[in-house]
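Analysis of the macromolecular model
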Amino acid sequence: LILIGALVVLFAGLGSWFWLAPPHWFREAVVTEPAYRADRLFGSTDPNYSAETHKIAQRIEWGDALTPADLAPVLDRLDQRHGEDITLLLQAVASGNIEAVDALLAAGADPYQLDKSVGSTRNFAYLLTMPGGNLLDMAGINRMLESYLRHGGDPNATWGDKPQNQGNMTDELALSQNLDGLRMVLKVGGDPWKLTWNNFSTFLTSFLR
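Residues numbered from 1 in each chain as written. Predicted model: local features only at pLDDT ≥ 70, side-chain atom pairs only at ≥ 80, totals over all residues. Heavy atoms only, no water.

As a further point, take the nonpolar core. Counting 42 residues, the largest nonpolar core has Leu88, Leu104, Phe124, Met144 and Tyr148 as the members making the most contacts within it. Elements that contribute at least two residues to this core include exactly α3 (36-41), α4 (51-62), α5 (88-94), α6 (98-107), α7 (124-127), α8 (138-150), α9 (169-175) and α10 (179-187). In terms of residue count, the dominant contributor to this core is α6 (six residues). Every residue in contact with Leu88, bar those within four places of it in the chain, is listed here: Phe42, Thr53, Ile56, Ala57, Ile60, Val74, Leu78 and Leu104. (Core = buried A, V, L, I, M, F, W, Y, C linked by side-chain atoms within 4.5 Å. Buried < 20%, exposed > 50% of the residue type's maximum accessible area, 1.4 Å probe, protein only. Helix = DSSP H or I, 4+ residues; strand = E, 2+ residues; numbered from the N terminus. Contact = heavy atoms within 4.5 Å.)

Right, here's the structure in full:
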């Protein structure tokens, strides 16, 4: 009886885990789970719609740990814009899927592509200097930053329009008081004296503000 009871508890636990966090193939076959952003921005109304990209966007939103091999069907359009100008890399950030961010960067996604084709001067590198929030805390931001640097990201990346309002990684990381991120960037060649062209300050003056 003890053995039977233990087996019942074991299978109940496994069943609960399988239903609450099912692998993507089971989810697609059995569980009708929406991926609201992916379906709205990468679905059939997307001007650049493809079934492969839509499926990958769904898996990103579901939190699947993608690998570069999973991205093979869309390698020729990793940086393609979809509904509201979103890209797969931005979809991964918006979903808080750090593994998908890593896979996309490893596969060659462009971290310097602007987040909007018109009216924005910000890119993925800029997002790495944010202080974090409920979806991605600072530790999560730094995991993405580590991935960015590991895949050849520029520690002195900039964004904005020089000389009107151009920021850089060291200055913005200091402003957000992300000391761990700042150390990572400085360790691989980040320039602590690189100017921000909106006020001609350096990361040191930002840190002291």
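At a closest axis distance of 9 Å, the pairing of α6 and α8 adopts a crossing angle of 15 degrees. Judged by the angle between their axes, α6 and α8 are roughly parallel. The crossing of α6 and α8 is right-handed. Of the residues in α8, those touching α6 at Ile98, Glu99, Val101, Asp102 and Leu105 are Gly140, Arg143, Met144, Ser147, Tyr148 and Arg150. Across the contact of α6 with α8, the residue classes break down as five nonpolar, two polar and four charged. (Axes fitted to C-alpha atoms, helices over the stretch in contact; angles between N-to-C directions. Parallel < 35°, antiparallel > 145°, perpendicular 65-115°, else oblique. Left-handed = near helix turned anticlockwise from the far one by under 90°. Nonpolar A, V, L, I, M, F, W, Y, C, P; charged D, E, K, R; others polar.)

All right, on to the environment of Asp76 then. With respect to the element layout, Asp76 can be found in the loop between α4 and α5. Taking the relative accessible area as the measure of exposure, Asp76 reaches 66% and is therefore exposed. Measuring from C-alpha to C-alpha, the distance between Asp76 and Gly108 comes to 9.9 Å, with 32 residues separating the pair along the chain. A distance of 2.9 Å separates the side chain of Asp76 from the side chain of Arg77, its partner in a polar contact. (Polar contact = N/O pair within 3.5 Å; in protein donor to acceptor, adjacent residues only side chain to side chain.)

Another aspect to go through is the pattern of salt bridges. Counting across every chain of the model gives nine salt bridges. A salt bridge links Arg59 to Asp64, with the shortest nitrogen-to-oxygen separation between them at 3.1 Å. On the accessibility criterion, Arg59 (12% relative accessible area) is buried. Here Asp180 makes a salt bridge to Arg183, at a shortest N to O gap of 3.0 Å. (Salt bridge = Lys/Arg side-chain N within 4 Å of Asp/Glu carboxyl O.)

Here the focus is the side chain of Asp46. Tracing the backbone shows Asp46 in the loop between α3 and α4. No salt bridge is formed by the buried Asp46. Its closest oppositely charged neighbour is Arg77, at 8.7 Å. Within the local environment of Asp46, its side chain forms a polar contact with the side chain of His82, the two groups lying 2.6 Å apart. The residues touching Asp46, leaving out its near neighbours within four places in the chain, are Leu41, Arg81, His82 and Gly83. (Lys, Arg positive; Asp, Glu negative; His and termini not counted.)

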